[in-house]
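The chain contents come next:
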Amino acid sequence: MDNMILRHKPVAPYFSATPEVIGIEITGRCPLRCRHCFNHSGPENQQELSLEQIQKILDEMLTWNVQHLRISGGEPTYHRQFKDIIAACQRRNITIAMNTNGVYSSTMLDYLKSAPIDLFMISIDGLIANNDAIRGKGVFKRALLSCQELKKAGKQVMLSFHVGAGNQGDVAGLIKEAANIHVDFKVAPIRPIGRAKDHLPNALIAPKDYLRVVQTVIDSRQQYPHINIVTDFDILDETLPASDCHKDPTKASCKAGRTMININYDGEIYPCAFFADEKKTFSAGNIHSISMTQAWQQSTIFTPFRIQQKSAQCQSCHHYQQHCYGGCPAIAYFATSKLDAHDPTCFAELVAPPEGELP
């Protein structure tokens, strides 16, 4: 793994004894074939974890006192035993957040309205023209209808938007759509991995454009105070309290490999879902042959993630460890081949330092 060697002098590694954040991509099956899908999900992808294997993961989670799970796919509802998986979580008092495309049959939507799922994060990629160009004709309207129906049923719903070079102009319109149906909104950059490398090779958003996106987010918080509007690069909003990551090293960077672990639908264990590439560069083993605990405690894959060091630009930035955790290491790696490189979407250098602080 020569391309993962850190460019800075490492300090003592650290990690939590067991992961605190668990994600499972339960299936690669999906009715859509999105042009930017990070893990090549689609109708032709039949790989998925068995109910038995997922139950083993759930039981191992409980030994760590972790009782919250993020479920994704593919499209999770297309798992052949999806309802059994939800029931297995419910029996173990495990709460669920689910990443989903929002494209359901009427039968599935009726089930989801009363299912023990705590948060629905419904993905969308722009207003109707941009979204349907990426996700397929008619998907925009179906996803918004699902948001409305789930919200009416009393569910917590968040519209999840991945912004890139071609759809950044849709942010304000999407936030308005979310506000109209009273669902929360999250925006994060498209990652240059999976199908995006082939079908959207220039999709990575430029810093100056991402700056405008985040400014739109902040302005929208004032306009629509009845919903939560979230971005992972919140360095502009002076109303937000500073984080406490300078006091806790586990919060000084992205959670990947430090407090978070993700299981892919083929069983491979990764620091984060966004590190699953075709070469399995960042796989810490396969759940079919090794436990999560063994992988977490023994695999050297996680070592670079547990070095408490960011790029020199981050270290000298007045925003780092205040409102910023140093950006996304997956974006940095797949854009530059350096795990500790500066996140190329960062716009900190375009922003004046807070009053009273030196640049």
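Residues numbered from 1 in each chain as written. Predicted model: local features only at pLDDT ≥ 70, side-chain atom pairs only at ≥ 80, totals over all residues. Heavy atoms only, no water.

Enquirer: Please set out the overall build of the protein residue by residue, giving values where relevant.
Expert: Along the backbone of the protein there are 11 helices and nine strands. Residue pairs in contact within the protein that sit at least 24 positions apart in sequence constitute 70% of those at least 6 positions apart. For the protein, the computed accessible surface area is about 15,900 Å², with 51% contributed by carbon and sulfur atoms. (Helix = DSSP H or I, 4+ residues; strand = E, 2+ residues; numbered from the N terminus. Contact = heavy atoms within 4.5 Å. Areas by Shrake-Rupley, 256 points an atom, 1.4 Å probe, with all protein chains shown as cover.)

Enquirer: Run through the packing of aromatic side chains, naming residues and quoting values.
Expert: A complete count under the given rule lists 12 aromatic pairs for this structure. With a centroid separation of 5.0 Å and 85° between ring planes, the pair formed by F275 and F305 is classed as edge-to-face. With a gap of 30 residues between them, F275 in the loop between strand 9 (269-270) and helix 9 (292-298) and F305 in the loop between helix 9 and helix 10 (312-315) connect regions that are remote in the sequence. Judged by its relative accessible area of 0%, F275 falls in the buried class. Ring geometry for F275 and F334: centres 6.2 Å apart, planes at 40°, overall tilted. Of this pair, F275 sits in the loop between strand 9 and helix 9 while F334 is found in helix 11 (residues 329-336), placing the two residues 59 residues apart along the sequence. Three or more aromatic residues joined by ring pairs make a cluster, and in this case those are F275, F282, F305, Y333 and F334. Seen from the ring of Y111, K83 lies directly overhead, with NZ or CZ sitting 4.9 Å from the centre. The lysine or arginine in question, R306, covers the ring of W296, its NZ or CZ lying 4.4 Å from the ring centre. (Phe/Tyr/Trp six-rings, centres within 6.5 Å; stacked < 30°, edge-to-face > 60°. Buried < 20%, exposed > 50% of the residue type's maximum accessible area, 1.4 Å probe, protein only. Lys NZ or Arg CZ within 6 Å of the ring centre and 35° of its normal.)

Enquirer: Lay out the pattern of salt bridges in plain terms, naming residues and giving numbers.
Expert: The full count for this structure, using the stated rule, is 11 salt bridges. Its salt-bridge partner being R80, residue E48 comes within 2.9 Å of it at the nearest N-O pair. In this pair, E48 is assigned in the loop between strand 1 (21-25) and helix 1 (51-63) and R80 in the loop between strand 2 (68-72) and helix 2 (82-91), connecting sequence segments 32 residues apart. With a closest N to O distance of 3.5 Å, K208 and D209 form a salt bridge. (Salt bridge = Lys/Arg side-chain N within 4 Å of Asp/Glu carboxyl O.)

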